[in-house]
Amino acid sequence: MATTTSAIPESIERAQPRSEGQWAVVVRRFRRHRLAMFSLALLATIFLASLLAPWIAPFPRDDIALNRTFLTPMSADPATGRLHLLGTDHLGRDFFTRVVYAARVSLMVALSVTTMVAIIGSVLGLIAGFFGGWVDNLISRIMEFVATIPDLPILLILSAIMVQNADLIVLPDWIIGPVAWIMAVPNREATQVALLILVLASLGWVGIARLMRGMVLQVREMQYIESARALGGSYTWLLARHVFPNAFPPLIVAFTLGLNGALVSEVAISFLGFGVQDPTPTWGNMMGFATSYMFNHPWMPLIPGLPIFLCSLAFNFIGDGLRDALDPRLKI
Amino acid sequence: MTVYLIRRAIQMVLVTVLSALLGYTLLYIAPGGPLLFLQQMQNEGQRRVTEDDIARLKARYELDLYLPIRFSRWLIGFPRGPVQLGDTHLLAPDTVVGCAIPGQVRLRYPDGSSEIIEEGCNRVVTLNDLAERRSSRGILFGDFGLSQQITRDRPISDLLMSRLPYTLQLMAVSTLLAILIGVPIGIYSAVRQYSRFDYVITGIAFVGSSMPTLFMGVMAILVFSVLAKNAGLPYLPSGGAQGIRDYTIPLIGMVDAGSFLDRTLRFIMPVSVLTFFNIAGWSRFVRTSMLEALRQDYVRTARAKGVLERLVILKHSLRNALIPFVTLLAGVLPSLVAGAAITESVFNWPGMGRLLVDALGRSDYTVAMAILFISTVLVLIGYLISDILYTIVDPRIRLS
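Conventions used here
Residues numbered from 1 in each chain as written. Chains lettered and ligands numbered in written order. Predicted model: local features only at pLDDT ≥ 70, side-chain atom pairs only at ≥ 80, totals over all residues. Helix = DSSP H or I, 4+ residues; strand = E, 2+ residues; numbered from the N terminus. Rg over C-alpha atoms; globule rule 2.2 N^0.38 Å. Buried ≥ 20, exposed ≤ 12 C-beta atoms within 10 Å, placed from the backbone. Contact = placed C-beta atoms within 7 Å. Domains from an automatic or database assignment. Core = buried A, V, L, I, M, F, W, Y, C linked by C-beta atoms within 7 Å. Nonpolar A, V, L, I, M, F, W, Y, C, P; charged D, E, K, R; others polar. Axes fitted to C-alpha atoms, helices over the stretch in contact; angles between N-to-C directions. Parallel < 35°, antiparallel > 145°, perpendicular 65-115°, else oblique. Left-handed = near helix turned anticlockwise from the far one by under 90°. pLDDT = per-residue confidence, 0-100.

Colleague: Teacher, can you tell me more about the overall build of chain B here?
Modeller: Along its length, chain B carries 16 helices and six strands. Computed over the C-alpha atoms, the radius of gyration of chain B is 29 Å, more than 25% above the 21 Å expected from 2.2 N^0.38 for a compact globule of 400 residues. Here the C-alpha coordinates of chain B stretch approximately 95 × 65 × 50 Å along the principal axes. Sorting the 400 residues of chain B into buried and exposed places 31% on the buried side.

Colleague: Can you walk me through the overall build of chain A in this structure?
Modeller: Counting secondary structure elements, chain A contains 15 helices and two strands. With the C-alpha coordinates aligned to their principal axes, the bounding extent of chain A is approximately 95 × 55 × 35 Å. Burial status across chain A gives 43% buried among its 332 residues. Across chain A, the fraction of contacts at a sequence separation of at least 24, relative to all contacts at a separation of at least 6, is 68%.

Colleague: Would you explain the environment of B:Asn348 in this entry?
Modeller: On the secondary structure map, B:Asn348 appears in the loop between helix 14 (341-346) and helix 15 (352-361). Sequence separation of B:Asn348 and B:Tyr365 is 17 residues, and the distance between their C-alpha atoms is 20 Å.

Colleague: Mind showing me how you'd approach the domain arrangement of chain B here?
Modeller: Note: interface size is frequently given as the accessible area lost on complex formation between the parts. Taken as a whole, chain B is organised into domain 1 (38-143) and domain 2 (158-216 + 271-393). Centre-to-centre, using C-alpha coordinates, domain 1 of chain B lies 47 Å away from domain 2 of chain B.

Colleague: Just to check I follow, could you spell out the nonpolar core for this structure?
Modeller: In summary, soluble globular proteins display a tendency toward joint burial of nonpolar side chains. Among the nonpolar cores identified, the biggest contains 146 residues, and A:Leu156, A:Val193, A:Leu196, B:Leu356 and B:Ala368 are the most heavily contacted of them. Top element by residues in this core is helix 5 (residues 95-131) of chain A. It accounts for 18 residues. The contacts of A:Val193, once residues within four sequence positions are left out, are A:Val105, A:Val109, A:Val179, A:Met183, A:Val185, A:Val276 and A:Thr280. Membership of the second largest hydrophobic core comes to six residues, among which are B:Leu65, B:Val125, B:Leu127 and B:Leu130.

Colleague: Teacher, can you tell me more about the interface of chain A and chain B here?
Modeller: The partner chain B presents 35 residues to the 34 residues of chain A that form the contact. Those elements that provide at least two residues to the side of chain A that touches chain B are helix 6 (133-148), helix 7 (151-164), helix 13 (249-272), helix 14 (283-292) and helix 15 (302-326) of chain A. Looking at the side of chain A that touches chain B element by element, the count peaks at eight residues for helix 7 of chain A. Considering only residue class, the side of chain A that touches chain B consists of 26 nonpolar, eight polar and no charged.

Colleague: What is the right way to read the environment of B:Tyr390 from this model?
Modeller: Residues and elements named next belong to chain B. Following the sequence through the fold, Tyr390 ends up in helix 16 (residues 365-393). Between the C-alpha atom of Tyr390 and that of Ile252, which follows or precedes it by 138 residues, the distance is 48 Å. Excluding anything up to four places from it in sequence, Tyr390 contacts Val326, Thr327 and Ile397.

Colleague: Even after reading the chapter, I still don't get unusual backbone geometry, so can you show me in this structure?
Modeller: The phi dihedral of A:Ala184 falls on the positive side, at around 55°, and the residue is not glycine. Mapped onto the secondary structure, A:Ala184 falls in the loop between helix 8 (173-183) and helix 9 (187-204).

Colleague: How do you make sense of the packing of helix 9 (residues 260-294) of chain B against helix 12 (residues 323-330) of chain B when you look at a structure like this?
Modeller: Any two packed helices are characterised by how steeply their axes cross, that is the angle between the axes, and by the distance between the axes. Residues and elements named next belong to chain B. Interaxial distance between helix 9 and helix 12 falls to 9 Å at its minimum, and their mutual angle equals 155°. Overall, the two elements helix 9 and helix 12 adopt an arrangement that is roughly antiparallel. Considering the relative orientation of helix 9 and helix 12, their crossing is right-handed. Counting all contacts with helix 9, which are made through Trp282, Phe285, Val286 and Ser289, the residues of helix 12 involved are Pro324, Phe325 and Leu328. Within the contact of helix 9 with helix 12, the residues separate by chemical class into six nonpolar, one polar and no charged.

Colleague: How do you make sense of the confidence of the model for chain B when you look at a structure like this?
Modeller: Residue and element names in this part refer to chain B. This prediction gives chain B a mean pLDDT of 81; 95% of its residues lie at or above 70. Of all helices and strands in chain B, the one with the weakest mean pLDDT is helix 2 (residues 34-43) (69), whereas helix 10 (residues 297-305) scores best (90). Scored by ipTM, the complex comes to 0.83, with pTM at 0.85.

Colleague: Looking at this structure, how should I read helix 14 of chain A?
Modeller: Each α-helix turn comprises 3.6 residues. Residues three or four places apart therefore point the same way. Helix 14 of chain A sits mainly inside the fold: eight of its ten residues count as buried. A:Trp283, A:Gly284, A:Asn285, A:Met286, A:Met287, A:Gly288, A:Ala290 and A:Thr291 are the residues of helix 14 of chain A that are buried. If you follow the buried residues of helix 14 of chain A, they end up packed against helix 5, helix 13 and helix 15 of chain A together with helix 8 (213-230) of chain B.

See below:
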């Protein structure tokens, strides 16, 4: 009998289905949230349109023509007979073209800000939570200080100082080049966009750092960390292989909601005139101009306003869906 | 408790000074400034700018003082002249505190080019000179100096005080309304969880709290002012706190500009937008913490004892559910100053947030810094109040 220690017939072993991975479960649960799936599709469409902006836009971006200002949506230019899908603005520029280009700037600013915030926040949070001691103390004090300064005033002040003096600030080419390429704007307009991204990112990281620190403090005490350390794992290995992946899930939700926060902040700052300035379109500054003409042309604020509203709502629904999908205690 | 309060007070002063330093650094490193304006004048050939013009302008903005002196004068209004105790001078009255006209040295390079650099000082500023200048009492003591652009040479504190009532009115009414409406809604939808009412309310609250205030404000103007007016219906006037000339509204009749009715009509929209936004957020918050409280064991015990359901909800659950809500309210305090900048701008409401936006638009950074400083101090006070309130509503928590 010594030869049959593993007496399980081969057929049974093969019949056992491979258990579902963690992320497969999350995806399956997320797909049940119908509003979140719908929001994802909507955002994907807008995002794709913004990526294809140079190709799908029917007119040049800054094509000013004063004989066709304030055309209503779905009307044709009396001179050329060309259709303006969403009408034209106060300078006769095609609204559809500008909304698509603005989507590029607004969404990409939100995406780059949130990515930077997530990187800064999670690195600082990881370090603070994992190493503790004076490192944690220092980082926590900095976080408290940044959290104390009221967001909106400091954001407005910083971006106003930066953007109003954008001509005097020279950014290196390795920043300007990629920013101009990502945002589909000319190089000379990229400085203000880059500055706005820097301002938003430099103040937004506290939330994620706090979240990460809290998660790491929990994970750090787990037995698998202890055993990995006992096996001789280096700090980098421990952090990258064990701590980060286990502290990661709540970060996804924070990232999604952070995208919304960055989008809304950029829109608000540009709306008030301290963000991206006019020839470069963003939903915010388009909204600013549209509201000043809304008494005679009530349809105007809807054109940049609806995309802002829809994207904001979509980000929130996706965040909600992700939170439900990632929460193992919740039965869906 | 006393020890805790003392420690907190020290911390608060430290953070206040730090944030003031941050604000001042921002002002200092901000490119542009008054000297650039002088340079433009020179370049446009309006008139020749002399050395004395520069010195005068520098003295006006204190740019001729050394940075630590400038900062300390700005922060605590010291030194305001010769430093003396009684009749004895603690510092020599001719101590150099700055440089009015820097010395210029022409450097000649071997390749024939030359460059003028500033080195040394031709005319120094001493403590005695400071006595003749207009000095502020320091922002820590509530003197924010003079506004440079918005109101020329009027104290910033006057400017702030003229705008403060509008913001307080807006924020106080909307906060109060939001508590009065939002808390009961939250409680009711927690008690009737998964009822139709709950679904509708959570749905509205979700959309409401994820809608940008900017969008909500513009839509409100669009629907209640523009479209209603165009359709000949009674409409709400928008923009400003009071009208400039009289107007008629269908069904209501003639409205005198500046009358109580005019002010009320203009007040309705901004206050409703802020209230709606707060209700959406707070009713969700109260609902969640109420659900949590209703799940506790002592609630089950109370029900098992046969306590009236109304008492279970109001006495056992609600009082515990409102503990976290108290901290949320302390967060309202800083928003009293500049929290509604966007709403105020959309509705052209002449409050502090609007003032911040105006000040930034006209590069009057000192006004902006004053607002930032006040809101930071209010945040700190808000934190302190919420911590103390916490110990009052929840005796399990002790401050140490």
